[in-house]
Amino acid sequence: MPSFGDLVRAWQRGAQAVERGDWGCALQLFSSVPDPPARICFNVGCVHMLAGDPEAALQAFDRAVTKDACMAVGFFQRGVANFQLGRFQEALSDFRLALEQLRGNAAIDYTQLGLRFRLQAWEVLFNVASAQCCLGLWAQATRSLEEAISKGPEGAREDLRTALDQVQKQAFLQPRQVPRGEVFQPHRRQLQHLAPVDFLGKAKVVVASAVPDDQHEGVRPQQPQVQDGDGKPRPGAGPRGPTPSKLANRFFQGVTVEDPEALLTITVQCAFTLTLKAPRGADLSSLRALLSQALPLQAQCGQLSYRDPGDGHWVPLPEEEALQRAWWDAGSGPTGLQLQCRGVGGRPVLYQAVAQHGYCAQGPEDLDLQPGDTVDVLCEVDQAWLEGHCDGRVGIFPKSFVVPAGQCVRCHAPPPPGPSEISSEGSCGKKV
């Protein structure tokens, strides 16, 4: 079975073949991907359109929207294929589905997802009108174009008014489509991972103490000597605590730490516990003011939760009423009120949710979930998708797979529809 790197390479080479106009090579490379995702199915459809085979393109776009039922650009291109095949009723239906997946937005920008194209509502309405013209629905086509004019940018309105004049004269329109040669490209982060990385750099012998710090209690490594006032040597006054270069020498002997290419930046997220005194019954604002003396950023952005002394679970404190219940519960335990202040990279945690079903990531932007996982929800992407943090990982996942913490119940029912059926598009890293 090919590795993930092999699949990304085939995807990249297929996109390069499209750029140079080699349709046969592109189709061969895209087709070599087993169980291709929706974006590669979309690419196959676009190549068939370029090769003048709308029937094969239609089948490829069918697979794309089957894998991702919210892929607006997939319905848009499938409508163009149906239009070229003279299936105007099916084309009209596809254009309306594309408009529906826009969810009232003016446009969906696919650039971040690898496709240099911005699907705009007025373009979809223009295609709706073109299909309506071919079906003889001239009055409806006129209304569709009028709506397109109201939603279109200033630069497109002149062309739309010209199209409206043609429709009023019962002249047919040709639908718009994704620009020629544009297909989904693999993400640049995936391509960076394909290049070999030399983590060690050039080898070099580093002289270190023969007695490490963590052996023989009471024995310290040799220290540099300096001359005293009377000429006698004495231990030099070194810095308090190990410096980064000393740590590197100690744990990575043989690495040329002076060589910038041998150094990598490591970001470490740490957690620690504070014990504070607060008046019983203090409100949320008072607690945050107290926390801000030690944790300014977390106190402003973090999600406060308290540990229920009954079952040990962390319960969010979204409002004063919940805090008063926490004070009441704390009176029944010997440890006082135990709080948790959570935040991810300075981003506030909106609330916590518990996974009811397992979710297997479909791409690098997704977050794997197991039933029972507690997730810090960072962003509500749209009605179907959330962005969250779990076990040091950040990604998006289907909203229907989790319930807010405190509402968790055992669920023996099958999981909701998979990501291919509930994917969404748009801003904030949404899935397509």
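Given the structure is predicted, the values throughout are model-derived calculations rather than measurements. Counting restarts for each chain, with residues numbered from 1 along the sequence as it is written. Per-residue local features are limited, in this predicted model, to residues with pLDDT of at least 70; the limit for side-chain atom pairs, both in listing and counting, is 80 or more; totals at the level of whole chains, interfaces and linings are taken over all residues. Excluding hydrogens and water, the side-chain values take into account all heavy atoms of the structure.

**Q** It is not clear to me how the packing of helix α6 (residues 88-101) against helix α7 (residues 121-134) should be interpreted in this structure. Could you clarify?
**A** When two helices pack together, their arrangement is given by the angle between their axes and by how far apart the axes lie. Contact pair α6 / α7: the axes reach a minimum separation of 9 Å and the direction vectors enclose 160 degrees. Considering the angle they form, α6 stands roughly antiparallel to α7. In this structure, the crossing between α6 and α7 has a hand that is left-handed. On α7, the residues touching F88, L92, F95, R96, A98 and L99 of α6 are A121, V124, L125, N127, V128, S130, A131, Q132 and C134. Axis geometry follows a simple rule: fit a line to the C-alpha atoms, using only the stretch in contact for helices, then measure angles between N-to-C directions, giving values from 0 to 180 degrees. In this text, helices come from DSSP runs of H or I with a minimum length of four residues, and strands from runs of E with a minimum of two, each type numbered from the N-terminal end. Oblique is the label for any angle not covered by the other classes, which are roughly parallel (under 35 degrees), roughly antiparallel (over 145) and roughly perpendicular (65 to 115). Take the far helix as the reference: if the near one is turned anticlockwise from it by less than a right angle, the crossing is left-handed, and if turned clockwise, right-handed. We call two residues in contact whenever any of their non-hydrogen atoms come within 4.5 Å of each other.

**Q** Teacher, can you tell me more about the pattern of salt bridges here?
**A** Between side chains of opposite charge, a pair can form when the charged atoms approach closely. Within this document, salt bridges are pairs made up of a side-chain nitrogen of Lys or Arg and a carboxyl oxygen of Asp or Glu, the two lying within 4 Å of each other. For the coordinates displayed, the defined rule picks out ten salt bridges. Ionic pairing is found between E365 and R39, a salt bridge with its closest N-O pair at 4.0 Å. One end of the pair, E365, is in the loop between β9 (351-355) and β10 (374-380); the other, R39, is in helix α3 (residues 38-50), and 326 residues separate them in sequence. Ionic pairing is found between E154 and R157, a salt bridge with its closest N-O pair at 3.1 Å. Linking E154 with R157, this pair stays in helix α9 (residues 154-168), spanning three residues, or about one helical turn. By relative accessible area, R157 is classed as partly exposed at 24%. Linked by salt bridges that have partners in common, D62, R78 and D94 make up one network. Any residue under 20% of the maximum accessible area for its type is buried, any over 50% is exposed, and the rest in between are partly exposed; the area is computed with a 1.4 Å probe on protein chains only.

**Q** I keep staring at the packing of helix α5 (residues 72-84) against α6 and nothing clicks. Help me out?
**A** The N-to-C vectors of α5 and α6 enclose an angle of 165 degrees; their axes lie 8 Å apart at closest approach. As summarised for this structure, α5 and α6 are arranged roughly antiparallel, according to the angle between their axes. Once α5 is placed against α6, the crossing between them reads as left-handed. Together, A72, F75, F76, R78, G79, V80, N82 and F83 of α5 and F88, E90, A91, D94, F95, L97, A98 and Q101 of α6 make up the contact between the two elements.

**Q** Could you clarify how one ought to interpret the sheet that holds β10 in this entry?
**A** At least two bridges found by DSSP between two strands is the condition for calling them paired. Taken in spatial order, the five strands make up an open sheet running β12-β11-β10-β9-β13, and their pairing is antiparallel. Lying at the two open borders of the sheet, with one neighbouring strand each, are β12 (393-398) and β13 (402-404). Here the strands of the sheet are splayed against their neighbours by 45 degrees on average, with no regard to which way each runs. Pairing between β10 and strand β11 (residues 385-390): four bridges, direction antiparallel. Following the sheet pairing, E380 is matched in β11 by L386.

**Q** Would you explain unusual backbone geometry in this entry?
**A** Phi is mostly negative for residues that are not glycine, and the peptide bonds are mostly trans. One non-glycine residue, D35, lies in positive phi territory at about 45 degrees. By secondary structure assignment, the location of D35 is in the loop between α2 (23-31) and α3. Judged by relative accessible area, D35 falls into the exposed class, the value being 63%. Although it is not a glycine, R103 adopts a positive phi angle of roughly 55 degrees. Position of R103 relative to the elements: it lies in the loop between α6 and β1 (107-109). A residue is classified by how much of its surface remains accessible, and R103, at 39% relative accessible area, is partly exposed.

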